Amino acid sequence: MTGLSTRAEGVLLREGGAQDIAAVMTVMDAAFDKQFGEAWNAQQCLGILGLPGVWLTIASIGEDAVGFALSRVILDEAELLLLGVSPRFRRRGIGQALLDATMENARHRGVNHLHLEVRQGNPAISLYERNGFSEVGRRADYYRGADGSLFDAFSLTRSLRRD
C-alpha cells in the first residue's frame, strides 16, 4: 500500500505503524467531536496496533497526515475501528479513499464482511450508506453527549465478496 495515490487529488495513502501515533492523535483530536468521547487515546491506539491482524492506513498531503483508518481482521471478518479526517480536509474524497483502501486491504486478507459502529447523527453515516453498509444492530443510548443527550450506536456491515 505504501505510496498509493487516490482519487482524492494530492492525497497519498500508506501503511502506518506505531511511529505514526503522534500524527494519528493530531488528526483524531481535530476530527472527533469531544462532546461524545469517541476518540481513543494514544495508549489505546498503540495497544491495538501491536495485535495480530490490525492495520493502520495514513492519508497524507505532502508531509502532513490528514486522515487515518484503523482496522482489524479476525478470521474472515474485519472491523473498521476508527476513521478520521481532519475537518479542514473533509469533502475532498479522503474519507472515501480511506474506506476504499480498508475494504481492499480486508479483501486481500480473505475477509468476507466488514463491520463498523457509528454514533447516531454522525455525518459519516452517509459515507457508509453510499458504500453499501446496512444496519444490522443498534445499541440504544450507547453514547452520551457532554450535555447528557443520549445517542444510539449503529452496527453496520457490508459484504466484501466480489460475486
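See the structure above.
Residues numbered from 1 in each chain as written. Predicted model: local features only at pLDDT ≥ 70, side-chain atom pairs only at ≥ 80, totals over all residues. Heavy atoms only, no water.

## Overview of the overall build of the chain
When helices and strands are tallied, the chain shows four helices and eight strands. Listed N to C, the secondary structure of the chain is β-β-α-α-β-β-β-α-β-α-β-β in terms of helices and strands. Here the C-alpha atoms of the chain give a radius of gyration of 15 Å, agreeing with the 15 Å that 2.2 N^0.38 yields for 163 residues. Projecting the C-alpha coordinates of the chain onto the three principal axes gives extents of approximately 40 × 40 × 30 Å. When the 163 residues of the chain are sorted by exposure, 44% land in the buried category. Contacts in the chain between residues at least 24 apart in sequence constitute 58% of all its contacts with a sequence separation of at least 6. In the structure as shown, the chain presents an accessible area of about 8800 Å², 49% of it carried by carbon and sulfur atoms. Each charge class in the chain can be summarised by its mean position, and for the 18 positive and 20 negative side chains these summaries are 3 Å apart. (Helix = DSSP H or I, 4+ residues; strand = E, 2+ residues; numbered from the N terminus. Rg over C-alpha atoms; globule rule 2.2 N^0.38 Å. Buried < 20%, exposed > 50% of the residue type's maximum accessible area, 1.4 Å probe, protein only. Contact = heavy atoms within 4.5 Å. Areas by Shrake-Rupley, 256 points an atom, 1.4 Å probe, with all protein chains shown as cover. Lys, Arg positive; Asp, Glu negative; His and termini not counted. Charge placed at Lys NZ, Arg CZ, Asp CG, Glu CD.)

## Some remarks on the environment of Gly 50
On the secondary structure map, Gly 50 appears in the loop between helix H2 (42–49) and strand E3 (54–61). Spatially, the C-alpha atoms of Gly 50 and Leu 150 are 33 Å apart, while their sequence positions differ by 100 residues.

## Comments concerning the pattern of salt bridges
For the structure shown, the criterion picks out seven salt bridges. Residue Arg 107 is joined to Glu 104 by a salt bridge in which the shortest nitrogen-to-oxygen separation is 3.2 Å. On the criterion of helical spacing, the pair formed by Arg 107 and Glu 104 is a turn pair, its members being three residues apart in helix H3 (residues 94–108). Residue Arg 107 is classed as partly exposed on the basis of its relative accessible area of 22%. Relative accessible area serves as the criterion here: at 29%, Glu 104 is assigned to the partly exposed category. As a salt-bridge pair, Asp 152 and Arg 138 come within 3.4 Å of each other at their nearest N and O atoms. Taken together, the residues Asp 152 in strand E8 (residues 150–159) and Arg 138 in strand E7 (residues 134–144) connect sequence positions 14 residues apart. Residues joined in a network through salt bridges with shared partners are Glu 135, Arg 138 and Asp 152. (Salt bridge = Lys/Arg side-chain N within 4 Å of Asp/Glu carboxyl O.)

These values are about where atoms sit, not about what they do.
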